[in-house]
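# A structural walkthrough
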Amino acid sequence: MDSSVYVFVEDLRGEGVERVLDRVSGYGVSGITVGAVHHASRDVTPHGLSRLTIRHDGAHFTPPPELFDGLRLAPVPGYADAFDGLREACAKRSMKLHGWTVFLRNATLGTEHPDVTVRDCFGDRGSLTDLCPAHPDVRDYAVALARAVARLGVDSVVAESLHFRPLKPQRSFVPLGPMDAYLFALCFCDYCMRRATDLGVNAEVAREECARIVGGVFDGDPPAQGEVTRAALTAYAGPDVVAYARARSETVTTLVSEVASAVADEGSKLVFIDSTGAVKGYTDGLPTPGLAAHDAWQLGVDLVALGDLVPAFGVLAYARDAARVADDVGAYLRSVGKDREVRAVLRPGHPDSDSVDRLVAKARGAKAAGALAVDFYAYGLVPHPVLDRIPAALSL
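Being a predicted model, the structure only gives us computed values, none of them experimental.

## Details of the overall build of the protein chain
Secondary structure summary: the protein chain contains 18 helices and 13 strands in total. In terms of overall dimensions, the protein chain is globule-like: its C-alpha atoms have a radius of gyration of 21 Å, near the 21 Å expected for 396 residues. For the C-alpha atoms alone, the extent of the protein chain along its principal axes is close to 60 × 50 × 40 Å. Looking at the 396 residues of the protein chain, the share that counts as buried comes to 56%. Of the contacts made within the protein chain by residues no fewer than 6 positions apart, 77% connect residues no fewer than 24 positions apart. Accessible area of the protein chain: about 15800 Å², with a carbon and sulfur share of 51%. Between the mean site of the 41 positive side-chain charges and the mean site of the 51 negative ones, the protein chain shows a separation of 4 Å.

Structural data, given as structure tokens:
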């Protein structure tokens, strides 16, 4: 069974490439998935050079300059030498090398160019981390970035944040319900509204309805209860809003198609990951009831359409329960097609896995449901004794 461990470039810099690869290869995995392009964060890193690691937005290689000539957006420089000799070091151990790429989550670019970020129903650009996939400059950047990572000679480009993102305020003392938060997160920039209008949607009515509903909650109306479904959203916000939400899928599908084609042209393949599994279960490993594949539309992800365009998919199976992992993998396969490669991404420790047995059960469930690979997230974030559970999960 194919497998990999997600690794940050800070892991490689802090512990050394040879040491990390020797340890990871000792787990019996087939490869590593290295963060070629990542977003800013502050992480507890139990065996890192620093126990609290500050990560910055950055592309951790030198992008071919001709790919970004004439483009408005260019990668934020990171550790330019992070991939030097890495492919050869992996090949020496018969390991695959995958390039993990965060596409549209970039506060540095958003702060420098706020007009390329999402704009809410009130006309505010309050999510400078989130680049809008409908904006032409963002789309050009994403395609060029995909080519740049593929040219590193990676076996695959693993795409994260290549879609819309949910609302994540740092503080909110307004009790927004799930549907209110969803409406507040919808982008109403000129390009999103134009694409929706071209598809026959009354985009301005949709924007006005979102502003009316969310504004009412801000003024003291009770928040909406219950999970976000198309039926509930229709009853709560009306058909124009639901149609507008559906139109976002065309934006994401066409962008992913362009990125997948660019990666294939460079001799690699795209592994598409949507963040729905993380949205539902990242904090505690107890995802909300709807399966990730069924709720991916909320981020503009049409898995059925993408199944015809993308060769491989990663399922963020962030759940404590092995049956839930199997259900999520099975739902993805039914959506994208049985002939597509589906990789289950598991967390070997807190908060999902409290024992070797639990991790083994989830890996077994993923395989039984049709996953062709199991990947583990992430090397630098969990203690070594937790990483030592991985061999048991692969001995199936």
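Having put the structure on the table, let's press on.
## Examining the packing of aromatic side chains
Under the counting rule described, the total for this entry stands at twelve aromatic pairs. Ring centres of tryptophan 100 and tyrosine 377 lie 6.0 Å apart, and the angle between their planes is 80°; this geometry places the pair in the edge-to-face category. Residue tryptophan 100 is found in strand β6 (residues 96-102), and its partner tyrosine 377 is found in the loop between β13 (373-376) and α17 (384-387); the two are separated by 277 residues along the sequence. The pair tryptophan 100 / tyrosine 377 is uniform in exposure class, with both members buried. A ring pair is formed by phenylalanine 272 and phenylalanine 313, whose centres lie 6.3 Å apart and whose planes are at 80°; its orientation type is edge-to-face. Residue phenylalanine 272 is located in strand β10 (residues 270-273), and its partner phenylalanine 313 is located in strand β11 (residues 312-316); the two are separated by 41 residues in the primary sequence. Classification of phenylalanine 272 as buried rests on a relative accessible area of 1%. Joined through ring pairs, the aromatic side chains of Tyr6, Phe8, Trp100, Tyr282, Tyr318 and Tyr377 make up one cluster. Sitting over the ring of phenylalanine 8, arginine 55 keeps its end group 3.7 Å from the ring centre. Across the ring face of tyrosine 318, the terminal group of arginine 347 is positioned such that the distance to the ring centre comes to 4.1 Å.

## Here we look at the nonpolar core
Membership of the largest hydrophobic core comes to 122 residues, with the highest contact counts inside it found for Ile32, Phe103, Leu183 and Val259. Counting residues per element, this core draws most heavily on helix α11 (residues 239-265), at twelve residues. Excluding residues that lie within four positions of it along the chain, phenylalanine 103 makes contacts with Leu131, Tyr141, Ala142, Leu145, Ala146, Val157, Ala159, Glu160, Ser161, Leu162 and Val259. Core analysis: the next-biggest nonpolar cluster, separate from the first, contains 14 residues, Phe8, Val271, Ala312 and Tyr318 among them.

## Regarding unusual backbone geometry
Residue proline 351 follows histidine 350 across a cis peptide bond; omega there is 0°. Relative to the assigned elements, proline 351 resides in the loop between β12 (341-346) and α16 (356-369). Residue tyrosine 377 is joined to alanine 378 through a cis peptide bond whose omega torsion reads -5°. Within the element layout of this structure, alanine 378 appears in the loop between β13 and α17. Its identity as a non-glycine residue notwithstanding, serine 94 has a phi of 55°, on the positive side.

## Regarding the pairing of strand β1 (residues 2-7)
Of all six residues making up β1, six are buried, and the element is well covered by its neighbours. Going residue by residue along β1, you find Asp2, Ser4 and Tyr6 tucked away on one face and Ser3, Val5 and Val7 tucked away on the opposite face as well. Two strands pair when backbone bridges link them, and β1 and β13 are joined in this way by four bridges, in the parallel orientation. The residue bridging aspartate 2 from the neighbouring strand is alanine 373, located in β13. The pairing of β1 with strand β2 (residues 31-38) spans four bridges and is classified as parallel. Of the residues in β2, the one forming a bridge with valine 5 is isoleucine 32.

## Remarks on the pattern of salt bridges
Under the definition given, this model contains 27 salt bridges. The salt bridge involving aspartate 137 is made with arginine 72; its shortest N-O contact spans 3.1 Å. Taken together, the residues span a long stretch of sequence, with aspartate 137 in helix α6 (residues 136-150) and arginine 72 in the loop between α3 (65-68) and α4 (86-92) at a distance of 65 residues. Residues participating in the shared-partner salt-bridge network are Asp2, Lys96, Lys269, Glu341, Arg343 and Asp375.

## With respect to the packing of helix α10 (residues 230-237) against α11
The packing of two helices is summarised by the inter-axis angle and the distance between the axes. Close contact between α10 and α11 brings their axes to 7 Å; oriented N to C, the two are set at 135°. In terms of their interaxial angle, α10 and α11 are classed as oblique. For the pair α10 and α11, the contacting residues are Arg230, Leu233, Thr234 and Ala237 in the first and Pro239, Val241, Val242 and Arg246 in the second. Along the lines of polarity and charge, the residues of the contact of α10 with α11 split into five nonpolar, one polar and two charged.

Rules behind the numbers
- Residues numbered from 1 in each chain as written.
- Predicted model: local features only at pLDDT ≥ 70, side-chain atom pairs only at ≥ 80, totals over all residues.
- Heavy atoms only, no water.
- Helix = DSSP H or I, 4+ residues; strand = E, 2+ residues; numbered from the N terminus.
- Rg over C-alpha atoms; globule rule 2.2 N^0.38 Å.
- Buried < 20%, exposed > 50% of the residue type's maximum accessible area, 1.4 Å probe, protein only.
- Contact = heavy atoms within 4.5 Å.
- Areas by Shrake-Rupley, 256 points an atom, 1.4 Å probe, with all protein chains shown as cover.
- Lys, Arg positive; Asp, Glu negative; His and termini not counted.
- Charge placed at Lys NZ, Arg CZ, Asp CG, Glu CD.
- Phe/Tyr/Trp six-rings, centres within 6.5 Å; stacked < 30°, edge-to-face > 60°.
- Lys NZ or Arg CZ within 6 Å of the ring centre and 35° of its normal.
- Core = buried A, V, L, I, M, F, W, Y, C linked by side-chain atoms within 4.5 Å.
- Pairing = 2+ DSSP bridges.
- Salt bridge = Lys/Arg side-chain N within 4 Å of Asp/Glu carboxyl O.
- Axes fitted to C-alpha atoms, helices over the stretch in contact; angles between N-to-C directions.
- Parallel < 35°, antiparallel > 145°, perpendicular 65-115°, else oblique.
- Nonpolar A, V, L, I, M, F, W, Y, C, P; charged D, E, K, R; others polar.

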